[in-house]
Amino acid sequence: MSASAAKKIFRKGKKPEQGGPPHKRRKLDRSQLSSGSPGAALVSSQDTSTSAFPRGNSTTVIDPELAVDFTTSETKNGESLATLRKMIFGRLEYTSAQKDPGKYLAIDCEMVGVGIDGEESSLARVSIVNYWGTVQLDEFVKQKERVADYRTKWSGIRPSDMVKAKQFEEVQKTVAALTKDRIIVGHAVHNDLKVLLLSHPGAYIRDTQRLAAKHNVINSKRPALRNLVKQELDVVIQGGEHSSVTDARATMAVFRLHRKEWEKGFKPLPAPRAGASKKRKFDESSEPAEPTPPGRGRKGVSSGLSTIVKRTPQTRSKSTVKTASNNWWTTLGASGIAGKGSMKL
């Protein structure tokens, strides 16, 4: 048989007299994909993925909620995982009591880039939720500088969000009033307070990043929020554009899981005193009745008198010592004058 004849037979799918079987593509049976085969598991994991898959010039983003089990009856540390997962994605209905600010507030902020090449961060959105996940504040902040990079891929902020944005001072004042005398829950919350130019008492701060590392919840000194939420709640967040509301709810969910254990490391909050003045008034009874004796000032501060006053080893009464210490300059002056008179030239 000639070579050309063998090629024709091979193309038709027939076995040639010599050589192996033809390489023919086998059609996939779609019915097998739903029967629990390995191929079905692969397709299922791809269809419910929370990542973004680039396809040519476009990007397909899969809804992260599709991979979340909201029906589980599993509990952890007394908290329902299904309820916490619903709270993260805003799927809960709240009672009137659950809409109040309450004792705990979770906060999260989003930034945009300003300055040269957008390298400097500027506060653009602030979100605060309560213990149950109810939104207490969600405001966009008007920028005083030209925004070089909205960082939409991570911040989720667009130019259209700035239309109804409020001035920084107004948002700052609202946040300060809302969080006063309440416990702030945040992930690396010092960054949020820094961009808000606010301070908060340490006894009223619960930093989930620091507490998770301290109590060995996760094997990391500075765990990312998305990793902590994935481990503790089996929920994927921040797969694409961030939402400060979702992140604040996720932070509160993690805190609720470990609240009983983490709160043991904090002292009970002091009860506010009725009629107590914010400014400290001068109280004469708190001051020492007599001035501090020479040479016995505050620890670490030297008066210098110990290099001038000469103490004899003889025991003297307190009145003698007091007189000598009060008149030391007269003794020093007299000895100096006497010394000059007795000098011979």
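- The name an unreviewed UniProt entry assigns to the protein chain is RNA exonuclease 4, from the organism Suillus fuscotomentosus.
- We quote the UniProt Function (unreviewed entry) comment for the protein chain here in full: "Exoribonuclease involved in ribosome biosynthesis. Involved in the processing of ITS1, the internal transcribed spacer localized between the 18S and 5.8S rRNAs."

### Here we look at the packing of helix α8 (residues 225-233) against helix α9 (residues 244-262)
Describing two packed helices takes the angle between their axes plus the distance from one axis to the other.
Here is step 1: Interaxial distance between α8 and α9 falls to 10 Å at its minimum, and their mutual angle equals 50 degrees. Between α8 and α9, the angle is such that the two are oblique. In terms of crossing hand, the pair formed by α8 and α9 is left-handed. On the side of α8, the interface is formed by Leu225, Leu228, Val229, Glu232 and Leu233, while α9 contributes Asp247, Ala250, Thr251, Ala253, Val254, Leu257 and His258.

### Topic: the pairing of strand β6 (residues 120-130)
Here is step 1: For β6, the tally of buried residues reaches nine of 11 residues, placing the bulk of the element in the interior.
Here is step 2: Pairing of strand β5 (residues 104-114) with β6, which is carried by 10 bridges, proceeds in the antiparallel orientation. Among the inter-strand pairings, Gly113 is bridged to a residue of β6, identified as Ser121.
Here is step 3: Adjacent in sequence and paired antiparallel, β5 and β6 are bridged by five residues, among which Gly115 carries a positive phi angle near 80 degrees.
Here is step 4: As defined by bridge partners, β6 adjoins strand β7 (residues 135-140) across five bridges and the pair is classed as antiparallel. By the bridge assignment for β7, Ile128 is matched with Leu137.
Here is step 5: Taking the residues between adjacent antiparallel strands as the criterion, β6 and β7 are bridged by four residues, where Gly133 takes a positive phi near 95 degrees.

### Some remarks on α9
Note on helix geometry: an α-helix contains 3.6 residues per turn, so any two residues three or four positions apart are oriented the same way.
Here is step 1: Look at α9: only 24 Å from first C-alpha to last across 19 residues, short of the 27 Å you get at 1.5 Å a residue.
Here is step 2: The largest bend in α9 amounts to roughly 45 degrees and is located at Arg256.
Here is step 3: With respect to burial, α9 is a largely interior element, 15 of its 19 residues being buried.

### Quick notes on the nonpolar core
Here is step 1: If you look at the biggest cluster of nonpolar residues, it comprises 33 residues, and the most contacted ones within it are Ile88, Val229, Leu233 and Met252.
Here is step 2: Here this core gets eight residues from one element, more than from any other, and that element is α9.
Here is step 3: Those residues in contact with Ile88 that sit more than four places away from it in its chain are Val229, Leu233, Ile237, Thr246, Arg249, Ala250 and Ala253.
Here is step 4: One finds Ile107, Leu137, Val175 and Leu178 within the second-largest nonpolar core, a separate group that totals 18 residues.

### Considering the side chain of Gln209
Here is step 1: Tracing the sequence through the fold places Gln209 in helix α7 (residues 208-214).
Here is step 2: Polar contacts involving the side chain of Gln209 include one to the main-chain carbonyl oxygen of Pro223, which spans 3.3 Å.
Here is step 3: Apart from the residues within four sequence positions on either side, Gln209 is in contact with His187, Ala188, Lys221, Arg222 and Pro223.

### Thoughts on the pattern of salt bridges
Here is step 1: Under the definition given, this model contains nine salt bridges.
Here is step 2: The salt bridge partner of Glu79 is Arg256, with a shortest N-O separation of 3.1 Å. Here Arg256 lies in helix α9 and Glu79 lies in strand β4 (residues 79-80), a separation of 177 residues in the sequence. Side by side, Glu79 and Arg256 carry an identical accessibility label, which is buried.
Here is step 3: The residue Lys230 makes a salt bridge to Asp234 at a minimum N-O spacing of 2.9 Å.

### Some remarks on the packing of aromatic side chains
Here is step 1: In this structure the tally under the stated criterion is five aromatic pairs.
Here is step 2: Arranged with centres 6.1 Å apart and planes meeting at 90 degrees, the rings of Phe70 and Phe89 form a pair that is edge-to-face. One end of the pair, Phe70, is in the loop between β2 (58-61) and β3 (75-76); the other, Phe89, is in the loop between α3 (81-88) and β5, with 19 residues separating them in the sequence.
Here is step 3: Here Phe89 falls in the buried class, since its relative accessible area comes to 15%.
Here is step 4: Between Tyr131 and Trp132 the ring centres are 5.2 Å apart and the planes differ by 85 degrees, which places this aromatic pair in the edge-to-face class.
Here is step 5: Feature note: the residues Tyr104, Tyr131, Trp132, Phe255 and Trp262 constitute an aromatic cluster, connected by ring pairs.
Here is step 6: The positively charged end of Arg206 is found above the aromatic ring belonging to Phe266, 3.6 Å away from the centroid.

Calculation rules
- Residues numbered from 1 in each chain as written.
- Predicted model: local features only at pLDDT ≥ 70, side-chain atom pairs only at ≥ 80, totals over all residues.
- Heavy atoms only, no water.
- UniProt positions renumbered as here; feature names shortened; annotations may be inferred.
- Axes fitted to C-alpha atoms, helices over the stretch in contact; angles between N-to-C directions.
- Helix = DSSP H or I, 4+ residues; strand = E, 2+ residues; numbered from the N terminus.
- Parallel < 35°, antiparallel > 145°, perpendicular 65-115°, else oblique.
- Left-handed = near helix turned anticlockwise from the far one by under 90°.
- Contact = heavy atoms within 4.5 Å.
- Buried < 20%, exposed > 50% of the residue type's maximum accessible area, 1.4 Å probe, protein only.
- Pairing = 2+ DSSP bridges.
- Expected span 1.5 Å × (residues − 1).
- Bend = angle between axes of the 7 residues up to and from the residue.
- Core = buried A, V, L, I, M, F, W, Y, C linked by side-chain atoms within 4.5 Å.
- Polar contact = N/O pair within 3.5 Å; in protein donor to acceptor, adjacent residues only side chain to side chain.
- Salt bridge = Lys/Arg side-chain N within 4 Å of Asp/Glu carboxyl O.
- Phe/Tyr/Trp six-rings, centres within 6.5 Å; stacked < 30°, edge-to-face > 60°.
- Lys NZ or Arg CZ within 6 Å of the ring centre and 35° of its normal.

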